[in-house]
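# Coordinate inspection notes
Next come the chains, spelled out residue by residue.
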Amino acid sequence: MRALLLAGGVSMIITLFGTPAFIWLFKKLRWGQFIREDGPQSHHTKHGTPTMGGVVIIFAAVSAYFIAKLANFETPTISALLVLLMLVGLGLVGFIDDYIKTHKQRSLGLGGWQKILGQGVVATLFAVLALNFPSSTGLTPASTHISIVRDTNIDLMMFGSIVGVGLFVIWIYLMVASASNGVNIADGLDGLATGTSIMAIGAYSVIGFWQFNQACGSVIENIASCYNTRDPLDLAVVATAIVGALAGFLWWNTSPAQIFMGDTGSLGLGGALAALAILSRTELLLVLIGGLFVIVTGSVVLQRGYFKLTKWRTGTGKRIFLMSPLHHHFELKGWAQVTVVVRFWIIGGLSVLSGIGLFYFEWIYG
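Residue positions are given per chain, counted from 1 along the sequence in the order it is written. At least 70 in pLDDT is required for a residue's local features to be given in this predicted model, at least 80 for side-chain atom pairs to be given and counted, and no such filter applies to totals for whole chains, interfaces and linings, which use all residues. Values shown for side chains rest on all heavy atoms present in the structure; no hydrogens or waters enter the calculation.

Further remarks concern the overall build of the protein. Strands here are runs of E lasting at least two residues and helices are runs of H or I lasting at least four, both read from the DSSP assignment and numbered beginning at the N terminus. Of the regular secondary structure elements, the protein holds 12 helices and 2 strands. N-terminal to C-terminal, the α/β element order of the protein is α-α-α-α-β-β-α-α-α-α-α-α-α-α. In terms of its C-alpha atoms, the protein occupies a principal-axis envelope of roughly 60 × 55 × 35 Å. Taken over 366 residues, the protein has a buried fraction of 53%. By definition in these notes, contact holds between two residues if any of their heavy atoms fall within 4.5 Å. For the protein, the proportion of contacts with a sequence separation of at least 24, taken over those separated by at least 6, is 76%. For the protein, the accessible area works out to roughly 16500 Å², and carbon and sulfur atoms hold 68% of it. Charge centroids of the protein, computed over 22 positive and 16 negative side chains, lie 12 Å from each other. Accessible area is worked out with a 1.4 Å probe on protein chains only. A residue is then buried under 20% of its type maximum, exposed over 50%, and partly exposed in between. Here, Shrake-Rupley sampling with a 1.4 Å probe gives the accessible areas, and only protein chains in the shown set may cover a residue. For this count, His and the chain ends are skipped, Lys and Arg are scored as positive, and Asp and Glu as negative. A charge is said to be at NZ when it belongs to Lys, at CZ for Arg, at CG for Asp and at CD for Glu.

Structural data, given as C-alpha cells:
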C-alpha cells in the first residue's frame with residue numbers, strides 16, 4: 001500500500017509542478033500544435049499550443065515507479081517493467097510522429113505504414129519478453145490463453161508451438177494497436193483523453209490490488225476464486241504511477257489547455273493500457289474498461305465505411321456524423337467543448353465501473 005501511495009503521489013507532484021517548465025521549454029523549441037483546416041473553427045485558436053506533453057507524463061510515471069521501489073527497498077518486477085516498456089516504446093513512436101508534425105507544420109507526421117511498423121516492433125518485443133522470465137512457480141508475465149476476467153480455455157498453443165507463438169504475437173499487436181489508436185483518436189478535446197485515461201488505467205490499480213489479495217497462497221487461499229497472475233501488486237503500483245502523472249498533467253491540460261499530450265502521450269498511454277490488460281489476464285475486459293475509446297474509434301470506422309459504401313453505390317459519399325470522431329460531431333451541433341468533455345467523461349466512467357463490476361462478479365461467482 002505504501003508503494004501505491006508513493007508512486008501516485010510522486011508522479012502527480014512531478015507533473016503538477018514540473019509541467020510549466022516543459023511548457024516554457026516546448027515554446028522555446030516551437031513544439032506547437034498544428035490545427036487542421038477542416039476541423040472545428042473553435043480549434044484554430046489552439047494553433048501553436050505546446051504539444052508532446054506525453055514526455056512529461058512518461059517521465060513522471062517512470063521516475064515515480066522507480067522512486068517508490070527504491071524507497072521500499074524492493075526490486076522492480078518484470079511485469080511492471082513490461083508496462084513501462086510499452087509506455088516508453090510507443091511514446092517514442094508518438095514522439096517521432098509529433099516531431100515531424102511540429103517541424104514541418106502539417107497535420108500528418110508518420111505515414112500509416114510507418115506508424116504500424118513502429119507499433120509492431122514494440123508489440124513484438126513485448127510479446128516475446130512476456131512469454132519468458134517465469135517465476136519460481138513457472139508463471140510467466142503473459143499467457144497464451146485468451147482472457148476475459150481470467151484465462152479462458154482458448155489457448156493459442158493448441159495450434160502448435162510455432163504457429164501458437166505467431167498467433168500470440170499477432171493477438172498482442174491487435175491489442176496494442178487498438179488501445180493506442182483508441183486513446184489517440186480520443187485525444188481531440190482539452191482533457192478528454194487525459195481524464196478518461198485516468199479512469200481506465202486507474203481501474204487496473206484496483207484490479208491489480210484485488211488480484212494480489214486473492215492470490216493463491218495468500219491468507220485466503222481456500223476461496224474458490226483463488227487464481228494467480230504474475231506480480232499483480234506491482235502492476236497496481238505502475239498503474240497508480242501513471243494515474244498520478246495524468247492527474248497532475250490534467251491541471252494544465254484541462255480547458256483551455258496550456259499543453260497537449262500529443263501522440264507521444266496518447267500512443268504511450270494506450271500501449272500501457274493494453275499491457276496492463278494483457279498482464280492482468282483481462283484482455284477482453286478492456287472493451288468495457290476502455291468503452292469510451294471503443295465508441296470514438298467506432299464512430300471513425302462507421303463514418304469512413306458508410307462514406308465509402310454510399311460513394312460506391314450512388315457515386316456520392318454520405319456521412320452519418322457531421323464530423324468524426326464523435327466528440328467533434330457534438331461540437332459542430334453546438335455543444336460547448338467543456339460540455340462534450342464532461343459528458344464523455346461520464347460515459348467513460350460508467351464504462352470503467354461496469355468493467356470493474358463484471359470483473360468482481362466473475363471473480364467471485366464465475
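This part takes up a nonpolar patch on the surface. A patch is a set of surface residues, each over 30% in relative accessible area and not in a salt bridge, joined within 9 Å for like charges and within 5 Å for the nonpolar side chains Val, Leu, Ile, Met, Phe, Trp and Tyr. A carboxyl oxygen of Asp or Glu within 4 Å of a side-chain nitrogen of Lys or Arg is what we treat as a salt bridge. On the surface, Val338, Val342, Ile346, Leu350 and Leu353 cluster together to form a nonpolar patch covering roughly 470 Å² of accessible area. Summarising the element assignment, valine 338 is placed in helix H12 (residues 337-365).

A separate point is helix H2 (residues 54-71). Helices are assigned an expected span. That span is 1.5 Å times one less than the residue count. Given a rise of 1.5 Å per residue, 18 residues ought to cover 26 Å, and the 25 Å separating the end C-alpha atoms of H2 matches this to within 8%. For H2, every residue scored as buried is listed here: Gly54, Val56, Ile57, Ile58, Ala60, Ala61, Ser63, Ala64, Tyr65, Ala68 and Lys69. Residues of H2 that are buried sit in contact with helix H1 (2-29), helix H3 (78-104), helix H7 (232-253) and helix H8 (262-279). Looking one or two residues past H2, phenylalanine 73 carries a phi angle of roughly 55°, positive in sign.

Let us now look at the nonpolar core. With 93 residues, the main nonpolar core has Val83, Phe126, Ile172, Ile201, Tyr204, Ile242 and Leu269 as its most contacted residues. Here this core takes 13 residues from H7, the largest share from any one element. By nonpolar core is meant a set of buried Ala, Val, Leu, Ile, Met, Phe, Trp, Tyr and Cys residues that side-chain atoms within 4.5 Å join together.

Further remarks concern unusual backbone geometry. Of note, the bond from serine 255 into proline 256 is cis; its omega dihedral lies within 30 degrees of zero at -5°. Residue proline 325 follows serine 324 across a cis peptide bond; omega there is 0°. Checked against the element boundaries, proline 325 lands in the loop between helix H10 (291-314) and helix H11 (326-332). Despite not being glycine, arginine 281 shows a phi value in the positive range, around 60°. Take arginine 281: it is sitting in the loop between H8 and helix H9 (286-289). Among the residues examined, arginine 281 registers a relative accessible area of 3% and is labelled buried.

Let us now look at the environment of glycine 138. Secondary-structure assignment places glycine 138 in the loop between helix H4 (112-130) and strand S1 (145-147). Sequence spacing of glycine 138 and arginine 230 is 92 residues, and the spatial spacing of their C-alpha atoms is 9.8 Å.

Another point: the confidence of the model for the protein. As a per-residue measure, pLDDT tells how confident the predictor is, with possible values from 0 to 100. For the protein, the mean per-residue pLDDT works out to 89, and 91% of the residues sit at or above 70. Low pLDDT, under 50, characterises residues 217-224; the stretch is placed with 5 contacts to residues that sit more than four places away or in other chains.

This brings us to the packing of H2 against H7. Their axes nearest at 8 Å, the elements H2 and H7 cross at an angle of 135°. One element, H2, and the other, H7, form an angle in the oblique class. As for the relative orientation of H2 and H7, their crossing is right-handed in sense. Of the residues in H7, those touching H2 at Ile57, Ala60, Ala61, Ala64, Tyr65 and Lys69 are Asp234, Val237, Val238, Ala241, Ile242, Ala245, Leu246 and Phe249. A class-by-class count of the residues in the contact of H2 with H7 yields 12 nonpolar, no polar and 2 charged. Interaxial angles span 0 to 180 degrees and are taken between N-to-C directions of axes, which are lines fitted to C-alpha atoms, for helices over the stretch in contact. Orientation is classified from the angle alone, with under 35 degrees giving roughly parallel, over 145 giving roughly antiparallel, 65 to 115 giving roughly perpendicular, and any other angle giving oblique. Here a crossing is taken to be left-handed if its near helix is turned anticlockwise relative to the far helix by less than a right angle, and right-handed if that turn runs clockwise. Residues are grouped as follows: Ala, Val, Leu, Ile, Met, Phe, Trp, Tyr, Cys and Pro are nonpolar; Asp, Glu, Lys and Arg are charged; every other residue, Gly included, is polar.

Quick look at the side chain of asparagine 184 now. Position of asparagine 184 relative to the elements: it lies in helix H5 (residues 161-186). At 2.9 Å, the side chain of asparagine 184 and the side chain of serine 266 are in polar contact. Sequence-distant contacts of asparagine 184, defined by excluding residues within four places in its chain, comprise Lys115, Asp263, Ser266 and Leu267. For the purposes of these results, a polar contact is taken to be a pair of N or O atoms within 3.5 Å, where, inside protein, one atom must be able to donate a hydrogen and its partner to accept one; residues adjacent in sequence count only when each atom of the pair is a side-chain atom.

Attention shifts here to the pairing of strand S2 (residues 151-155). When S1 meets S2, the two strands line up antiparallel, connected through 2 bridges. Paired with histidine 145 across the bridge in S2 is aspartate 155. Two strands make a pair as long as DSSP finds a minimum of two bridges between them. Hairpin remark: S1 followed by S2, antiparallel, with 3 residues in the connecting loop.

On to the packing of helix H6 (residues 192-214) against H12, then. Two elements in contact, H6 and H12, have axes whose closest approach is 9 Å; the angle formed by their N-to-C orientations is 15°. The orientation of H6 relative to H12 falls into the category roughly parallel. Seen from above, H6 lies across H12 with right-handed handedness. Facing H6, whose interface residues are Leu192, Gly195, Thr196, Met199, Ala200, Ala203, Ile207, Trp210, Gln211 and Gln214, H12 presents Val341, Phe344, Trp345, Gly348, Gly349, Val352, Ile356, Phe359, Tyr360, Trp363 and Ile364. Looking at the contact of H6 with H12 residue by residue, the classes come out as 15 nonpolar, 6 polar and no charged.

Within this structure, the stated rule accounts for 8 salt bridges. Here aspartate 234 ties to lysine 69 by a salt bridge, and the two come within 2.9 Å at their closest N and O atoms. Here lysine 69 lies in helix H2 and aspartate 234 lies in helix H7, a separation of 165 residues in the sequence. Overall, the relative accessible area of 5% leaves aspartate 234 in the buried class. Among the salt bridges present, the one from arginine 281 reaches aspartate 151, with a minimum N-O distance of 3.5 Å.

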